[in-house]
Amino acid sequence: MLFLGIGRTFSTEDDHQFETIGAFWDELAAKYGRANLQGLGYGWKEHSIEYVIGLIGGEIDGADRTVYLPDTGWVTVRGKTANLAELYERIYREGRLNYEIERFSDNGDCEIMYWRSGEEN
């Protein structure tokens, strides 16, 4: 599976990524609508994460990143954006992720699809 979008690198120090990635989402949601977008987190390092936002259907203008993703082995969790930190706390209890795809609606719902090495086994 291919993920095509606009990418940036964000600091994860002091959990700053929630604020800065949120601002990135707001910027692109103003142009495309939040429900039409999906965000991909990957490439975690000690103090940073790679993050790409793309359209759910179609190609986003200005796309500068293409990420090749596994076709199978994804786990989906749904909840409320207001509870995002708690959702991630549960997900990370079982270990680090290789990839996460986030989708958000304007009414406060969210969907997180994640892939972790060994998840298919």
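Since the model is a prediction, treat every value here as computed from it, not as a measurement.

Concerning the overall build of the chain
Okay, step 1: The helix and strand tally for the chain stands at two helices and seven strands.
Okay, step 2: Tracing the chain from N to C terminus, the helices and strands come up as β-α-β-β-β-β-α-β-β.
Okay, step 3: Here the chain has a C-alpha radius of gyration of 14 Å; the compact-globule value for 121 residues is 14 Å, and the two agree.
Okay, step 4: The C-alpha extent of the chain, read off along each of the three principal axes, is 40 × 30 × 30 Å.
Okay, step 5: Burial analysis of the chain (121 residues in total) assigns 41% to the buried set.
Okay, step 6: Intrachain contacts of the chain at a sequence separation of at least 6 include 64% that bridge at least 24 residues.
Okay, step 7: Carbon and sulfur atoms form 47% of the exposed surface of the chain, whose accessible area is close to 6,900 Å².

Here's the deal with the pattern of salt bridges
Okay, step 1: Going through the model one piece at a time under the given rule, you end up with eight salt bridges.
Okay, step 2: Where R78 meets E111, a salt bridge forms, and the shortest distance between an N and an O atom there is 2.9 Å. Of the two residues, R78 sits in strand β5 (residues 75–80) while E111 sits in strand β7 (residues 109–115), which places them 33 residues apart along the sequence.
Okay, step 3: For R78, a relative accessible area of 61% puts it in the exposed group.
Okay, step 4: Relative accessible area serves as the criterion here: at 15%, E111 is assigned to the buried category.

Concerning a negative patch on the surface
Okay, step 1: Together, E13, D14, D15 and E46 line one region of the surface with negative charge.
Okay, step 2: Among the secondary structure elements, D15 is positioned in the loop between β1 (2–11) and α1 (17–32).
Okay, step 3: By relative accessible area, which is 47% here, D15 ends up partly exposed.

Looking at the environment of I91
Okay, step 1: Inspection of the secondary structure assignment puts I91 in helix α2 (residues 84–92).
Okay, step 2: Using a relative accessible area of 4% as the deciding quantity, one classes I91 as buried.
Okay, step 3: Along the primary structure I91 and V77 are separated by 14 residues, whereas in three dimensions their C-alpha atoms are 8.7 Å apart.
Okay, step 4: In this structure I91 touches V77, L97, I112, Y114 and R116, once residues within four positions along its chain are discounted.

Structural notes on the pairing of strand β3 (residues 48–55)
On a regular strand, each side chain points to the face opposite its neighbour's, so the side chains alternate between the two faces of the sheet.
Okay, step 1: β3 sits mainly inside the fold: eight of its eight residues count as buried.
Okay, step 2: Here β1 runs beside β3; their pairing, made up of six bridges, is antiparallel. Residue pairing in the sheet places G7 in a bridge with V52 of β3.
Okay, step 3: Relative to β3, strand β2 (residues 37–42) is paired through six bridges, and the arrangement is antiparallel.

Cut-offs applied
Residue positions within a chain follow its written sequence, with the count starting from 1. For a predicted model such as this one, the threshold for reporting local features is a pLDDT of at least 70, and the threshold for listing and counting side-chain atom pairs is 80 or more; totals across whole chains, interfaces and linings nevertheless cover every residue. Side-chain calculation: all heavy atoms of the structure are included, whereas hydrogens and water are not. A run of H or I in DSSP counts as a helix once it spans at least four residues, and a run of E counts as a strand once it spans at least two, with each numbered from the N terminus. Only C-alpha atoms enter the radius of gyration; for comparison, a globular chain is expected to reach 2.2 Å times N to the power 0.38, where N is the number of residues. Accessibility here uses a 1.4 Å probe with only protein chains present; expressed as a share of the type maximum, an area under 20% marks a residue as buried, one over 50% as exposed, and anything in between as partly exposed. Whether two residues are in contact is decided by their heavy atoms: any pair within 4.5 Å suffices. The protein chains shown are the only cover counted for residues, whose accessible areas, like all others here, come from Shrake-Rupley with a 1.4 Å probe. Each salt bridge in this description consists of a side-chain nitrogen of Lys or Arg and a carboxyl oxygen of Asp or Glu lying within 4 Å of one another. Patch construction takes residues with relative accessible area above 30% that form no salt bridge. Like charges are linked within 9 Å, and nonpolar side chains (Val, Leu, Ile, Met, Phe, Trp, Tyr) are linked within 5 Å. Counted as positive: Lys and Arg. Counted as negative: Asp and Glu. His and the chain ends are not counted at all. We put the charge of a Lys on NZ, of an Arg on CZ, of an Asp on CG and of a Glu on CD. Any two strands are treated as partners once DSSP identifies two or more bridges connecting them.

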